[in-house]
Amino acid sequence: MRTVVAPTSLDDHGGGWLPSLTFSAVFVVICGLVYPAVATLISGVLFPTQAKGSLVEHDGHVVGSSLVAQPFADVRYFQARPSAAGFDPKAASGSNLASSNPALRERIAKDSAAIVQREAVDATRIPSDLVTASGSGLDPHISPAAAAVQIDRVAKARGLSMDQVGSAVAAATEAPLWGILGKPRVNVLRLNVSLDERQEAQQ
């Protein structure tokens, strides 16, 4: 004998594509439109500089971001770390070369020789971050030691005293996050812009 199960209200009215479509549309609006708009508005009010990319201006023009390294060819400027990405934000990456890789050793030796000639320092005084690229290839900071070996060259090129350039380095040195995370570091772009502004103010 076969048992017949009576249909329930769930069988008659539940499921279907319309509730699913409605549910999806609501969440697309909330997660794809409302939330980003609110987050953007709040971040713009609370953190206006960071929300716009931490842009650095000089003479009314944007010269870069304090979050992204860039090369400086002029002898008057402090130099950033080497970049495996060629300082291209769209190609951010490290070299992925092991310390035993001959290509890496050759590049470090070449960079070290260039620094010895440029800074007039012994190779043993070159901080490691001046010859090694960061993981992103776009680290905007150098160590205070890496800035220190460049002070003499920058001071002579700008006609400033070493004390003046040294004070600019100290002003551009950022403390570890919350005083415990990371190490002191110098933002190269902000340092170079501050030196330009200092010289312009003296003219």
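Up top is the structure.
Calculation rules
Residues numbered from 1 in each chain as written. Predicted model: local features only at pLDDT ≥ 70, side-chain atom pairs only at ≥ 80, totals over all residues. Heavy atoms only, no water. Salt bridge = Lys/Arg side-chain N within 4 Å of Asp/Glu carboxyl O. Helix = DSSP H or I, 4+ residues; strand = E, 2+ residues; numbered from the N terminus. Buried < 20%, exposed > 50% of the residue type's maximum accessible area, 1.4 Å probe, protein only. Pairing = 2+ DSSP bridges. Core = buried A, V, L, I, M, F, W, Y, C linked by side-chain atoms within 4.5 Å. Contact = heavy atoms within 4.5 Å. Polar contact = N/O pair within 3.5 Å; in protein donor to acceptor, adjacent residues only side chain to side chain. Patch = residues over 30% accessible without salt bridge, like charges linked within 9 Å, V, L, I, M, F, W, Y side chains within 5 Å. Areas by Shrake-Rupley, 256 points an atom, 1.4 Å probe, with all protein chains shown as cover. Expected span 1.5 Å × (residues − 1). Arc of directions from axis to C-beta.

(A) Highlighting the pattern of salt bridges. Scanning all chains against the criterion turns up nine salt bridges. The salt bridge involving Asp152 is made with Lys156; its shortest N-O contact spans 3.2 Å. Taken together, the residues span about one helical turn, with Asp152 and Lys156 both in helix 6 (residues 151-158) at a distance of four residues. Note on Lys156: relative accessible area 64%, which makes it exposed. Measuring nitrogen to oxygen at the nearest pair gives 2.9 Å for the salt bridge that ties Asp196 to Arg158. Placement of the pair is Asp196 in helix 8 (residues 188-202) and Arg158 in helix 6, with a sequence separation of 38 residues. For the pair Asp196 and Arg158, a shared accessibility class is recorded, and that class is buried. A single salt-bridge network, built from bridges that share partners, covers Asp74, Arg76, Arg158 and Asp196.

(B) Structural detail: the sheet that holds strand 4 (residues 173-174). The strand order 3-5-4 describes an open sheet built from three strands, whose pairing is antiparallel. Of all strands in the sheet, those with a lone pairing partner are strand 3 (141-142) and strand 4, marking the two edges.

(C) Just the nonpolar core, in detail. Residues Phe78, Val165, Val169, Val186, Leu191 and Leu195 are the most contacted members of the largest nonpolar core, which totals 28 residues. Taken together, the elements giving at least two residues each to this core come down to helix 5 (144-148), helix 6, helix 7 (162-172) and helix 8. No other element matches the five residues that helix 8 contributes to this core. If near-sequence neighbours (up to four positions away) are discounted, Leu191 is found in contact with Phe78, Ala168, Val169, Ala172 and Val186.

(D) Structural detail: the environment of Asp74. Structurally, the position occupied by Asp74 is in the loop between strand 2 (61-65) and helix 4 (102-119). Residue Asp74 is classed as partly exposed on the basis of its relative accessible area of 33%. Distance from Asp74 to Val154, taken between C-alpha atoms, is 9.7 Å for residues 80 residues apart in sequence. Aside from chain neighbours lying at most four places away, what touches Asp74 is Gln79 and Arg153. A distance of 2.8 Å separates a polar side-chain atom of Asp74 from the backbone nitrogen of Arg76.

(E) Broad picture of the side chain of Gln79. Relative to the elements of secondary structure, Gln79 occurs in the loop between strand 2 and helix 4. Taking relative accessible area as the criterion, Gln79 reaches 13% and is therefore assigned buried. At a separation of 3.2 Å, a polar atom in the side chain of Gln79 contacts the main-chain carbonyl oxygen of Tyr77. In this structure, Gln79 is in contact with Phe72, Asp74, Arg118, Leu130, Ile142, Gln150, Arg153 and Val188, ignoring residues within four places of it in sequence.

(F) Examining the environment of Ala145 more closely. Of note, Ala145 is situated in helix 5. It is 9.6 Å that separates the C-alpha atoms of Ala145 and Leu130, two residues lying 15 residues apart in sequence.

(G) Seen up close, a nonpolar patch on the surface. The grouping of Val29, Leu33, Val34, Val38 and Ile42 at the surface amounts to a nonpolar patch, some 420 Å² of accessible area in total. Note on placement: Val38 falls in helix 2 (residues 17-46). Under the relative-accessibility criterion, Val38 is labelled partly exposed at 42%.

(H) Helix 4, seen in detail. Spanning 18 residues, helix 4 covers 25 Å between terminal C-alpha atoms, matching the ideal 26 Å at 1.5 Å per step. Where helix 4 is concerned, the buried positions are Leu104, Ser112, Ile115 and Glu119. Angular distribution of buried residues about the axis of helix 4 spans 70°; they occupy a single face of the element. Facing away from the buried side of helix 4 by over 90 degrees, the exposed positions are Pro102, Glu106, Lys110 and Gln117. Residues of helix 4 that are buried make contact with helix 6. Where helix 4 begins, one side-chain oxygen reaches toward the backbone nitrogen of Ala103, 2.8 Å away; that side chain belongs to Asn101.

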